[in-house]
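Next come the chains, spelled out residue by residue.
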Amino acid sequence: MEKHDKDHAELSEVFNKDEDRVNWHDETLWWVRAKRDKAVNQLPEWETLRDLASQIKHNVLGSLDIYLEQFEKNALANGVHVHWATDAEEHNKIVYQLLTEKSINRMVKSKSMLTEECGLNDYLAEHGIEVIDSDLGERIVQLAKEHPSHIVLPCIHKKKEEIGELFHEHLGTPAGVSDPQFLTETARQHLREVFLTRRAALTGVNFAIAETGEFVVCTNEGNADMGAHLADIHIASMGIEKLIPERKHLGVFLRLLTRSATGQPITTYSSHFKSPAEGKEMHIILVDNGRTTQLGREDFRNSLKCIRCGACMNTCPVYRRSGGHSYQNAIAGPIGSILAPNLDMEAHADLPFASTLCGSCSNVCPVKINIHEQLYKWRQVIVQSGKAPAGKKMTMKAMDITLSSPGAYRFAGKAGRLALKFIPFAVNNNLNPWYKHREMPEPPAQSFREWYRSNRNSK
Amino acid sequence: MENTSSREAILAKVRRNKPGATAMPDIDFLEKNVNGSLAKLSAMLDTIGGKLFQVNDWTEIVSTIRAQHPGDGTIYSPIPEVQHITGQINQDEFDGHNLANVEVGIVKAHFAVTENGAVWVTDDQLGNRALPFICQHLAAVIGEDDILPTLHEAYTRSAGHQYQYGAFIAGASKTADIEQSLVLGAHGPRSMMVFVLGKGEAL
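Owing to the predicted nature of the structure, the values given are computational and were not obtained by experimental measurement.

What follows deals with the overall build of chain A. In terms of helices and strands, chain A carries 21 helices and 10 strands. In chain A, which comprises 459 residues, the proportion classed as buried is 49%. Considering only contacts in chain A between residues 6 or more positions apart, those separated by 24 or more positions represent 73%.

A word on the overall build of chain B. The helix and strand tally for chain B stands at 7 helices and 11 strands. By its C-alpha atoms, chain B is 65 × 45 × 40 Å across when sized along the principal axes. For chain B, with 203 residues in total, the buried portion stands at 46%.

This next bit is on the interface of chain A and chain B. Between chain A and chain B, the contact holds 72 residues from the first and 60 residues from the second. Residues belonging to the side of chain A that touches chain B are distributed by class as follows: 30 nonpolar, 26 polar and 16 charged. With 5 bridges joining them, strand 9 (residues 269-273) of chain A and strand 8 (residues 165-169) of chain B adopt antiparallel strand pairing. Among the inter-strand pairings, H272 of chain A is bridged to a residue of strand 8 of chain B, identified as G166 of chain B.

Residue and element names in this part refer to chain B. One open sheet holds the 5 strands; their spatial order is 1-11-6-3-2, and the pairing between them is parallel. A single partner strand is all that each edge strand has here, and the edge strands are strand 1 (50-55) and strand 2 (74-76). Adjacent strand axes in the sheet meet at a mean angle of 20° when their direction is disregarded. Relative to strand 11 (residues 191-197), strand 1 is paired through 6 bridges, and the arrangement is parallel.

Here we take up the pairing of strand 3 (residues 102-108) of chain B. All names here are of chain B. For strand 3, the tally of buried residues reaches 6 of 7 residues, placing the bulk of the element in the interior. In this sheet, strand 3 lies alongside strand 2 in parallel orientation, the contact comprising 3 bridges. Residue pairing across strands places I75 opposite V104, the latter belonging to strand 3. Summarising the sheet, strand 3 and strand 6 (residues 137-143) pair through 5 bridges and their orientation is parallel. Looking at the pairing, G105 lines up with L138 of strand 6.

Residues and elements named next belong to chain A. As summarised here, the arrangement of the 6 strands in space is 1-10-7-4-2-3, forming an open sheet in which the pairing is parallel. Since the sheet does not close on itself, it has two edges, and those belong to strand 1 (81-85) and strand 3 (130-133), each with one partner. Mean inter-strand twist for the sheet, computed between neighbouring axes without regard to direction, equals 25°.

Looking now at the packing of helix 16 (residues 333-343) of chain A against helix 18 (residues 371-384) of chain A. Packed helices, taken two at a time, are described by the angle their axes make and the gap between the axes. Residue and element names in this part refer to chain A. At a minimum axis separation of 9 Å, helix 16 and helix 18 run at an interaxial angle of 35°. Here helix 16 and helix 18 pass one another in a crossing that is left-handed. Contact residues: P334, I335, S337, I338 and P341 in helix 16; I371, Q374, L375, W378 and I382 in helix 18. The residue inventory of the contact of helix 16 with helix 18, partitioned by class, reads 8 nonpolar, 2 polar and no charged.

This paragraph deals with unusual backbone geometry. Residue and element names in this part refer to chain A. Unusually for a residue other than glycine, K145 sits at a positive phi of about 55°. Looking at the element boundaries, K145 is found in the loop between helix 8 (136-143) and helix 9 (160-171). Judged by C-beta crowding, with 7 C-beta atoms within 10 Å, K145 ranks as exposed. Unlike most non-glycine residues, R308 shows phi in positive territory, near 60°. Position of R308 relative to the elements: it lies in the loop between helix 13 (291-295) and helix 14 (311-315). Judged by the 18 C-beta atoms lying within 10 Å of it, R308 falls in the partly exposed class.

Turn by turn, an α-helix covers 3.6 residues, leaving residues three or four places apart pointing in a common direction. Residue and element names in this part refer to chain A. The set of residues buried in helix 1 (residues 8-15) consists of H8, L11 and S12. Buried residues in helix 1, looked at end-on, bunch into an arc of 105°, giving them a common side. Looking at the buried side of helix 1, the elements it contacts are helix 15 (317-322).

F215, L243 and F253 of chain A together with V119, A140 and V194 of chain B are the most contacted members of the largest nonpolar core, which has 175 residues in total. By residue number, the principal contributor to this core is helix 12 (residues 250-261) of chain A, which donates 7 residues. Setting aside residues no more than four positions away along its own chain, V194 of chain B makes contact with L45, G50, L52, A112, V119, A140 and I142 of chain B.

A few words on the domain arrangement of chain A. Per the domain assignment, the segments of chain A are domain 1 (8-292) and domain 2 (405-458). Relative to domain 2 of chain A, the C-alpha centre of domain 1 of chain A lies at a distance of 52 Å.

Reading the values: the criteria
- Residues numbered from 1 in each chain as written.
- Chains lettered and ligands numbered in written order.
- Predicted model: local features only at pLDDT ≥ 70, side-chain atom pairs only at ≥ 80, totals over all residues.
- Helix = DSSP H or I, 4+ residues; strand = E, 2+ residues; numbered from the N terminus.
- Buried ≥ 20, exposed ≤ 12 C-beta atoms within 10 Å, placed from the backbone.
- Contact = placed C-beta atoms within 7 Å.
- Nonpolar A, V, L, I, M, F, W, Y, C, P; charged D, E, K, R; others polar.
- Pairing = 2+ DSSP bridges.
- Axes fitted to C-alpha atoms, helices over the stretch in contact; angles between N-to-C directions.
- Left-handed = near helix turned anticlockwise from the far one by under 90°.
- Arc of directions from axis to C-beta.
- Core = buried A, V, L, I, M, F, W, Y, C linked by C-beta atoms within 7 Å.
- Domains from an automatic or database assignment.

Shown next, in the form of structure tokens:
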């Protein structure tokens, strides 16, 4: 992956230029967080479920090879084809080969963050295969030639008027129409035609069961099922960490997933795919793409427990005010910031710093990933490896010199107080990020040390 | 096609990097040995684009559907008792595309779950897997005793079911992708009726 031109802080600045929009984005996501709280508070056993989910996932990580082999054996016995991909490129090639073997050049796809991670759409487009995303939010960002800004709410950054314009341009709705009901109905008609004419469907996987070889896909729209049941070939892409040991464990995870994500008690559809229907084909691609590396990092392996609910994004004060695109990763927000450096630490060195370390993410995580602690630990790894952003490196160095010498510390304190008093414009300007959107307090006349000295002497 | 070297490489790296094995926690204590509440199920369905009806027989199911959906839309069901009443012709069971014009699909479900309003259906009940998704409105029929409180009881109850495909379906197809405005009828059914059939009638 290439190093980005702008880092998270710079892109957040762009996002923050439109204050009304930032406030709206912030409030909308907080509203989703509040819905989560309401749903969660109705279950007295909520914390027990979180503990159990975390323990089950820990058990999975400790025996992942055994569960993978068990899953493969059972899936094969069910008549499902199983493929293994070490990285994104191999995954994309497998999909391409499956399609070309059947002379298929158009595919419908339901939500899969893994295919975003792998850059599948671009890869297939380069090879002459058309992919249409069928989740409404994903279709909207696809029409806008953008990427999802949120793993559960892909176009949460878009206003309905902008969506109305996109639909006017691409789907022929009257200009100026932005009613969500009308636009959704338009997408329904447009995508129904797609579902009825595509011979291949790709879906993501929420959970795969080692015990039975089946996999579960959750949607509210029904798009995964519409695609999969009407196509001749169903390809399901999954990261190897999506396994859970037994079918009954779904009871724990499905109770946690949607309550955490949107505050619903369950998604409208939780589909359990075990065997292909008569005359059809079902394929599963088990993808590594860095997951086995993360598994070996003791401080960071817990990130593999993630069930992609997005609760950490909705609650994050930085995500809510900087928008998903400023993270420049398929998965944004706090969880994205601890997953991305595993794939490419240099390209994503800015992300662990895109946090206040307030810990809200860890508190809402349904599988109890210590997200904020991992953010803190990634910072240390990044700085020690010399991959820290340049500005951060310089200020850290200056802090190091100042804090390790009492003389320099006293001088810096005095200089700061004098500067704030006599030349405030030297610090209160656009170059100092601490002054954005806030005023600084009046500087005290003297430091504690000076005060202590003068008071002790006057005794 | 199958690349065994990738398989071996992934498994080898997992073995090298995985943490020590930990015990699997017991989750069986989560099951409460009680029945689900019909009133709570009904209230839950109201919040997710569904509606519950208590009926005495199959005729009442069809007449309720006709009343809810006046007009001459196609009612399709793989259930013989319903086919008797509606007198429909058989559809090609292997091609879901033929169901594209179905107004109301009626299927049997194994049970419903109070905490989330979902019903559990399996492929043997659907005729074609596409049916409960492609129809404009969905009706699912359960028996009086088939109401469970939570998903834990649901997975225990369905543990013995032999299915190739199964789904929890909770209410109408929905989306809130445009500015978080909830719209019913995204790609699947615009509404869902859950019929609770009285004991007099065999399900």
